[in-house]
Amino acid sequence: MSASVTERPASTATNEVREGAFGHARSLACRECGTEVELGPSYACPECFGPLEVAYDFPALTREEIEAGPPNIWRYKALLPVPADIEQSPNTEPGFTRLLKADNLARELGLASVWVKDDSTNPTNSFKDRVVACALSAARELHATVFACPSTGNLANAVAAAGARAGMKTVVFIPSNLEKPKQVNSAVYTESLVAVDGTYDDVNKLAQEIAAEEEGWAFVNVNVRPFYAEGSKTLGYEIAEQLGWRLPDQVVIPVASGSQLTKVHKAFQELIKLGLVEEKPYRIFGAQATGCSPVSTAYKAGVDAIRPVKPDTIAKSLAIGNPADGIYVLDICRETGGAVEDVTDDEVRDGILLLARTEGIFTETAGGTTVACLRKLVETGQLDVEAETVVINTGMGLKTLDAVADRVGPAATIPPSYDAFAATGLSS
Ligand SMILES: *Cc1c(COP(=O)(O)O)cnc(C)c1O
Ligand SMILES: [Zn+2]
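What you see is a predicted model, and the numbers here were worked out from it, not measured in a lab.

A. Expanded view of the domain arrangement of the protein. Domain annotation for the protein reports domain 1 (12-61 + 128-228) and domain 2 (99-125 + 232-403). On a C-alpha basis, the centroid separation for the pair domain 1 and domain 2 is 24 Å. Taken together, the contacts link 29 residues of domain 1 with 36 residues of domain 2. For the pair domain 1 and domain 2, the two sides together bury roughly 2,500 Å², of which 47% comes from carbon and sulfur. Summed over the three residues of domain 1 that lose the most area to domain 2, namely Arg31, Asp129 and Arg130, the buried surface amounts to 25% of that side. Our count for the domain 1 to domain 2 interface comes out at 5 salt bridges. Its salt-bridge partner being Arg225, residue Asp325 comes within 3.2 Å of it at the nearest N-O pair.

B. Looking closely at the site of ligand 1. Ligand 1 sits among 15 residues. The nearest are Lys128, Ser257, Gly258, Gln260 and Thr394. Within the contact set of ligand 1, an oxygen atom lies 2.8 Å away from a side-chain nitrogen or oxygen of Lys128. Here a nitrogen atom of ligand 1 and a side-chain polar atom of Thr394 are 2.6 Å apart. Across the complex, the protein chains shield 98% of the 390 Å² of accessible surface that ligand 1 would expose by itself. For the shell around ligand 1, the class distribution of residues is 6 nonpolar, 7 polar and 2 charged.

C. Inspection of the pairing of strand β3 (residues 52-56) at higher detail. When you tally the buried positions in β3, you get 5 out of 5 residues, the bulk of the element. As paired strands, strand β1 (residues 25-30) and β3 are joined by 5 bridges and run antiparallel to one another. Within the sheet, the bridge partner assigned to Cys30 lies in β3 and is Leu52.

D. How the structure looks around the pairing of strand β11 (residues 283-289). Within β11, 6 of the 7 residues are buried, which leaves it mostly tucked inside the rest of the structure. In the sheet, strand β10 (residues 250-254) pairs with β11 via 5 bridges, with the strands oriented parallel. Each residue of the ladder has a partner; that of Gln250, found in β11, is Arg283. In this view, the connection linking β10 to its parallel neighbour β11 by way of helix α10 (residues 259-273) has right-handed handedness. Sheet topology places β11 next to strand β12 (residues 340-343); 4 bridges connect them, and they run parallel. Each bridged residue has a counterpart across the sheet, and for Ala287 the counterpart in β12 is Glu341.

Parameters and conventions
Residues numbered from 1 in each chain as written. Chains lettered and ligands numbered in written order. Predicted model: local features only at pLDDT ≥ 70, side-chain atom pairs only at ≥ 80, totals over all residues. Heavy atoms only, no water. Domains from an automatic or database assignment. Contact = heavy atoms within 4.5 Å. Buried area = accessible area lost by both parts, 1.4 Å probe. Salt bridge = Lys/Arg side-chain N within 4 Å of Asp/Glu carboxyl O. Near = heavy atom within 4 Å. Polar contact = N/O pair within 3.5 Å; in protein donor to acceptor, adjacent residues only side chain to side chain. Areas by Shrake-Rupley, 256 points an atom, 1.4 Å probe, with all protein chains shown as cover. Nonpolar A, V, L, I, M, F, W, Y, C, P; charged D, E, K, R; others polar. Buried < 20%, exposed > 50% of the residue type's maximum accessible area, 1.4 Å probe, protein only. Helix = DSSP H or I, 4+ residues; strand = E, 2+ residues; numbered from the N terminus. Pairing = 2+ DSSP bridges. Right-handed = clockwise from strand over helix to strand, strands pointing away.

Printed below as a string of structure tokens:
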């Protein structure tokens with residue numbers, strides 16, 4: 001035993017956070033009262049219980065330095081709470097997805113210029129790979145032993161895959177009524193998919209209890225949520241860079257917890273502050289499904305408080321009845337001159353088909369919601385049809401096939417003969 005006198009006790013060694021573990025992040029700052037606390041697995045302000053957000057001391061940064069980076073979110077690593085050597089740790093390398101000029105969709109809706117930011121091509125086919133990559137880095141640097149989440153579906157897919165690649169134990173929790181493809185898309189990566197009889201909000205509450213009980217568990221959207229949330233900023237950075245280092249006039253973004261929308265706005269503000277884009281006004285619009293529209297309801301009522309709802313919609317990835325960042329979504333949409341809109345499940349299905357048939361992009365119900373809200377914002381005169389607009393497609397249609405399976409199919413089923421084909425009326 002005398003040989004170990006110079007060694008530190010194991011508990012101290014495992015808790016030690018290395019120098020530069022969180023890059024240029026300085027602290028976690030309260031969004032409500034500004035109190036700053038040490039970087040670590042905390043998410044609520046010790047003074048007022050407000051949400052904590054990563055604060056930075058950013059270095060000077062040029063467009064060229066960013067452009068010289070890899071074709072994934074790590075090209076923006078200087079603006080994220082990750083170490084400088086982040087690329088050396090196995091991760092799913094998400095991001096730098098395509099920004100497509102959607103001229104057919106624009107023509108169909110009577111818009112001058114529309115772009116689709118297509119995040120369905122991320123490693124597990126949703127934008128959640130971005131946030132999970134940042135959460136994984138934090139989990140690693142904080143020496144977490146289990147990588148976990150409560151999820152509406154896509155997050156579980158991303159956590160399970162990223163954990164597998166990182167060689168970390170994963171446990172993911174979902175509502176038991178989730179679409180089959182989203183369950184399978186998690187279960188292939190992990191043996192620990194837990195289906196909970198309840199809504200997402202019930203699953204989230206359970207995760208908070210487990211996080212408080214279990215040592216060493218990193219719940220990506222609970223106790224490491226500040227780090228997780230920063231990953232969504234990369235959507236904003238990419239949109240600006242791919243437009244040739246400028247901001248669009250209008251952006252339409254789906255809202256579940258509201259985190260993504262607030263972070264796209266934060267990203268635009270950071271780019272302006274760093275001098276990477278020119279300052280200009282832009283409007284941010286939120287999109288919800290009517291069957292789970294607590295933020296849109298508050299927006300339309302002109303109130304600041306959000307009343308939680310029990311979700312009932314096919315847009316399950318957006319089905320958060322008590323959105324953590326809902327009040328900040330309201331602030332941002334109002335301040336920028338945007339709005340929050342909602343659409344029925346039938347309009348969601350129409351939105352999926354509209355994007356598929358105009359642009360060849362098969363989106364999931366969340367994207368159907370966003371495209372349908374885009375259409376409704378045009379029809380109700382809330383969106384400027386002459387201004388340049390970006391819509392974010394956050395997920396992939398193959399995960400929610402049932403939403404449109406009854407609306408599309410073979411135009412005819414025929415025997416293999418020319419006459420039978422001719423009889424269908426499809427020959428030219
Ligand atoms: C999670 C999710 C969203 C919304 O994310 P929030 O940041 O919670 O608002 C949007 N689209 C898809 C496909 C998602 O999985
Ligand atoms: Zn506070």
